[in-house]
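The primary structure of each chain is shown beneath.
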Amino acid sequence: HGRNNVIPNTHFRKVNGCQSGRFNRVFLKTWLDQAGRARRRAQNRQKKAARVFPRPTAGLLRPVVHPPTQRYNMKLRLGKGFTLEELKEVKINKKYARTIGIAVDHRRKNKSAESLQLNVQRLKLYLSKLVIFPRKASKPKKGDTPKEELQNVVQNTLKEIIPIPK
């Protein structure tokens, strides 16, 4: 309608990210190594589990949080770390929490009593299952696990240390 537009003169020469004809398969990436890659990932997971034994392979314990925005806030996901208030409820020092595998986020704030209680329960469950090895076997300290319980310790290899409640 008399507008100054670009003349539609598209030339579809490239196919699959390259020229058409006999060269058109140049940039296609094959997945022939998929089985080998899966095996390598499994071996790396086993190596990591052996390296960090007896610690959990998932890393630090993380809180359950509601994601932002109306679209996702009815769901639950793992957050960065527990608030100082949640740690205070369980009577854990923030410096000590890091040493026993609990993630701490000093910026997060509790906005509801329900989420606070949920994460406090999560911490209590973790502490009930926690086994602390003494630094020196000959001189165990106050918070360490007794010698009899250290014999047959199983490692936590779950994706999350404590699964998110459904």
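Residues numbered from 1 in each chain as written. Predicted model: local features only at pLDDT ≥ 70, side-chain atom pairs only at ≥ 80, totals over all residues. Heavy atoms only, no water.

A. Broad picture of the overall build of the protein. A tally of regular secondary structure across the protein gives four helices and four strands. Burial statistics for the protein: of 166 residues in total, 25% are counted as buried. Residue pairs in contact within the protein that sit at least 24 positions apart in sequence constitute 54% of those at least 6 positions apart. Surface accessibility of the protein: about 14,100 Å² in total, with carbon and sulfur atoms responsible for 54%. (Helix = DSSP H or I, 4+ residues; strand = E, 2+ residues; numbered from the N terminus. Buried < 20%, exposed > 50% of the residue type's maximum accessible area, 1.4 Å probe, protein only. Contact = heavy atoms within 4.5 Å. Areas by Shrake-Rupley, 256 points an atom, 1.4 Å probe, with all protein chains shown as cover.)

B. Focus on unusual backbone geometry. For the bond running from Phe53 to Pro54, omega is 5°, close enough to zero to count as cis. Note on placement: Pro54 falls in the loop between helix H1 (34-52) and strand S3 (64-65). We note that Thr69 has phi near 70°; this positive angle belongs to a residue other than glycine. Within the secondary structure, Thr69 is located in the loop between S3 and strand S4 (77-78). Backbone geometry places Lys91, a non-glycine residue, at a positive phi of 60°.

C. Geometry of the environment of Leu127. Structurally, the position occupied by Leu127 is in helix H4 (residues 113-129). Of the residues examined, Leu127 reaches a relative accessible area of 29% and is grouped as partly exposed. Expressed as a C-alpha distance, the spacing of Leu127 and Ile102, which sit 25 residues apart in the sequence, is 9.9 Å. Contacts of Leu127, omitting those with residues within four sequence positions, involve Val90, Ile92 and Ile100.

D. Region of the structure containing H4. The terminal C-alpha atoms of H4 lie 25 Å apart, and with 17 residues this matches the ideal 24 Å at 1.5 Å per residue to within 8%. Of all the residues in H4, the buried ones are Ser115, Leu116, Asn119, Val120, Arg122, Leu123 and Tyr126. Buried residues of H4, viewed axially, fall in a sector of 155°; they line one side. Away from its buried face by more than 90 degrees, H4 exposes Ala113, Glu114, Ser128 and Lys129. The elements touched by buried residues of H4 are S3, S4 and helix H2 (84-89). (Expected span 1.5 Å × (residues − 1). Arc of directions from axis to C-beta.)

E. Geometry of the side chain of Thr145. Position of Thr145 among the secondary structure elements: in the segment after H4. With a relative accessible area of 10%, Thr145 lands in the buried category. A polar atom in the side chain of Thr145 sits 2.7 Å from the backbone nitrogen of Ile132. Setting aside anything within four residues of it in sequence, one finds Thr145 in contact with Leu130, Val131, Ile132 and Leu150. (Polar contact = N/O pair within 3.5 Å; in protein donor to acceptor, adjacent residues only side chain to side chain.)

F. Looking closely at the nonpolar core. In this structure, Leu61, Phe82, Leu87, Ile92, Ile102, Leu123 and Tyr126 are the most contacted members of the largest nonpolar core, which totals 15 residues. In this structure Leu87 touches Phe82, Ile92, Lys94, Ala97, Ile102, Val104 and Leu123, once residues within four positions along its chain are discounted. (Core = buried A, V, L, I, M, F, W, Y, C linked by side-chain atoms within 4.5 Å.)

G. Spotlight on the side chain of Glu86. Of note, Glu86 is situated in helix H2. Take Glu86: its relative accessible area is 0%, and that puts it in the buried class. At a separation of 2.9 Å, a polar atom in the side chain of Glu86 contacts the main-chain amide nitrogen of Thr83. In this structure Glu86 touches Arg108, Asn110, Ser115, Leu116, Asn119, Val120 and Leu123, once residues within four positions along its chain are discounted.

H. Structural context of a positive patch on the surface. A surface patch of like charges, here positive, comprises Arg40, Arg41, Arg45 and Lys159. Looking at where Lys159 falls in the secondary structure, it is placed in the segment after H4. (Patch = residues over 30% accessible without salt bridge, like charges linked within 9 Å, V, L, I, M, F, W, Y side chains within 5 Å. Salt bridge = Lys/Arg side-chain N within 4 Å of Asp/Glu carboxyl O. Lys, Arg positive; Asp, Glu negative; His and termini not counted. Charge placed at Lys NZ, Arg CZ, Asp CG, Glu CD.)

I. Main features of the pattern of salt bridges. The final tally for this structure, using the stated rule, is three salt bridges. Notably, a salt bridge pairs Arg37 with Asp33, separated by 3.1 Å at the nearest N-O pair. Using a relative accessible area of 33% as the deciding quantity, one classes Asp33 as partly exposed.

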